[in-house]
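What the coordinates show
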Amino acid sequence: MTLFEVRGARKSYDGKLALDDASFRVARGEMLAVLGASGAGKTTLFRCLSGLASLDQGTALLHGDDVARLRGRQRRRIAVVFQQFNLVSRLSALDNVLAGRLGHVPAWRGWLRRFGRADMQLALECLERVGLLAYANQRADALSGGQQQRVAIARALAQQPDLIIADEPVASLDPHTGAGIMALLSDICHEGEGGIAVICSLHQPELARRFADRVVGLSGGRIVLDVAAGDCGDDALRQLYGGAIAA
Ligand SMILES: Nc1ncnc2c1ncn2[C@@H]1O[C@H](COP(=O)(O)OP(=O)(O)OP(=O)(O)O)[C@@H](O)[C@H]1O
Ligand SMILES: [Mg+2]
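Residues numbered from 1 in each chain as written. Chains lettered and ligands numbered in written order. Predicted model: local features only at pLDDT ≥ 70, side-chain atom pairs only at ≥ 80, totals over all residues. Heavy atoms only, no water.

Description of helix α5 (residues 117-129)
The end-to-end C-alpha distance of α5, which contains 13 residues, comes to 18 Å, matching closely the 18 Å that a straight helix rising 1.5 Å per residue would cover. Of all the residues in α5, the buried ones are D119, L122, A123, C126 and L127. Along α5, the residues classed as buried sweep out an arc of 140 degrees about the axis, all on the same side. Residues R117, A118 and E128 are exposed on α5 and point more than 90 degrees away from its buried face. Looking at the buried residues of α5, the elements they touch are α3 (93-98) and α6 (145-158). Note on α5: the residue one or two positions beyond its end, G131, has a positive phi of about 80 degrees. (Helix = DSSP H or I, 4+ residues; strand = E, 2+ residues; numbered from the N terminus. Expected span 1.5 Å × (residues − 1). Buried < 20%, exposed > 50% of the residue type's maximum accessible area, 1.4 Å probe, protein only. Arc of directions from axis to C-beta. Contact = heavy atoms within 4.5 Å.)

Points about the domain arrangement of the protein chain
Here the protein chain is partitioned into domain 1 (1-77 + 163-247) and domain 2 (88-160). For domain 1 and domain 2, the distance between their C-alpha centres works out to 25 Å. Facing 14 residues of domain 1, the contacting portion of domain 2 comprises 14 residues. Where domain 1 abuts domain 2, roughly 1,200 Å² becomes buried across the two surfaces, and 61% of that area is made up of carbon and sulfur atoms. Our count for the contact surface shared by domain 1 and domain 2 stands at one salt bridge. A salt bridge links E191 to R129, with the shortest nitrogen-to-oxygen separation between them at 2.9 Å. In this assembly, domain 1 and domain 2 are joined by three residue pairs in polar contact (both at pLDDT 80 or more). For the side of domain 1 that touches domain 2, the element with the highest residue contribution is helix α7 (residues 175-190), accounting for seven residues. When grouped by side-chain class, the residues that make up the side of domain 1 that touches domain 2 number eight nonpolar, two polar and four charged. (Domains from an automatic or database assignment. Buried area = accessible area lost by both parts, 1.4 Å probe. Salt bridge = Lys/Arg side-chain N within 4 Å of Asp/Glu carboxyl O. Polar contact = N/O pair within 3.5 Å; in protein donor to acceptor, adjacent residues only side chain to side chain. Nonpolar A, V, L, I, M, F, W, Y, C, P; charged D, E, K, R; others polar.)

Describing the site of ligand 1
Residues in close proximity to ligand 1 total 13 residues, the closest being S38, G39, K42, T44 and H203. A distance of 3.0 Å separates an oxygen atom of ligand 1 from a polar backbone atom of G41. Contact between ligand 1 and E168: an oxygen atom at 3.3 Å from a side-chain N or O atom of the residue. Here ligand 1 has 640 Å² of accessible area as a free molecule, and 61% of this is covered by the chains. Put simply, the parts of the chain that give the shell around ligand 1 at least two residues each are β2 (16-27) and α1 (42-49). Considered class by class, the residues forming the shell around ligand 1 number four nonpolar, six polar and three charged. (Near = heavy atom within 4 Å. Areas by Shrake-Rupley, 256 points an atom, 1.4 Å probe, with all protein chains shown as cover.)

Notes on the pairing of β2
Bridge analysis of strand β1 (residues 2-13) against β2 gives eight bridges, and the strand direction is antiparallel. The residue bridging V6 from the neighbouring strand is F24, located in β2. In sequence, β1 turns back onto β2 through a hairpin of two residues, with D14 there showing a positive phi of about 50 degrees. (Pairing = 2+ DSSP bridges.)

Thoughts on the sheet that holds strand β5 (residues 65-66)
The four strands are arranged β2-β1-β4-β5 in an open sheet whose pairing can be described as antiparallel. Only two strands of the sheet have a single partner each, and these edge strands are β2 and β5. Taken together, the five bridges between β1 and strand β4 (residues 57-62) define a ladder with antiparallel strand orientation. Looking at the pairing, E5 lines up with L61 of β4.

Some words on the side chain of E30
Looking at where E30 falls in the secondary structure, it is placed in the loop between β2 and β3 (31-35). Among the polar contacts listed, one links the side chain of E30 to the backbone nitrogen of A27, at a separation of 2.9 Å.

Comments concerning the packing of α6 against α7
For the pair α6 and α7, the least separation of the axes is 10 Å and the interaxial angle reads 15 degrees. Relative to α7, α6 is oriented roughly parallel. Crossing of α6 over α7 shows right-handed handedness. Contacts between α6 and α7 pair G146, Q149, R150, I153 and L157 from the former with T177, G180, I181, L184, L185 and I188 from the latter. In terms of residue class, the contact of α6 with α7 is made up of six nonpolar, four polar and one charged. (Axes fitted to C-alpha atoms, helices over the stretch in contact; angles between N-to-C directions. Parallel < 35°, antiparallel > 145°, perpendicular 65-115°, else oblique. Left-handed = near helix turned anticlockwise from the far one by under 90°.)

Below, the structure written as structure tokens:
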């Protein structure tokens, strides 16, 4: 069943199209990898999907709801994971994860960081899920890059999202650590009954083949590939990256 759908997405900067009529769907419990050369439009797409920027034309629908219209708690149904982790460095791992609950508590409680027991319990469960319960009280800047990304994923999970959008989540990590993060995202996506969806951009096609269910390829803002990961062969990749270089 479709969880998330992008229809005819267009976005231009200074008259130059960065996204050109992009459409695709993601099902609940599905992990979608977005591949494409530098400048292909991946970050533009992700910024528009997560509400950080707006589309010029087209829509992104989460369960049929236009993401551009999601506000407050509804907005938290889409969680974002960044290449640079984006943790608050002087806060503990636990406090960073609790930040994922900010949309769920009245603002004054958030500012005072007086979270209730249920929020605290959930944050600890999320840290446990990413294997970092023992680091709950460690400052974020005293964690390795891989650990910081796990905390960022725990923060995303604390939002109890339907969809996690991750723009190059492993680009700042060594290959082994990066593969561990991809395995974690894939497990999160595939476990449980409801299942959430993950959309993740990558510069490593081998990680897409190994961990994703489906691969979408962007070139010059257009979707030129939309295949099951098992069908993402070398020819498809050559076309994807070769096309972008030629453009
Ligand atoms: N804020 C901006 N202002 C003007 N042009 C932009 C802006 N952001 C992106 N672009 C342009 O849009 C196009 C797509 O860029 P985008 O950052 O989405 O590519 P990308 O696929 O994420 O690349 P990379 O793999 O290097 O991260 C590029 O031509 C880029 O120069
Ligand atoms: Mg980018």
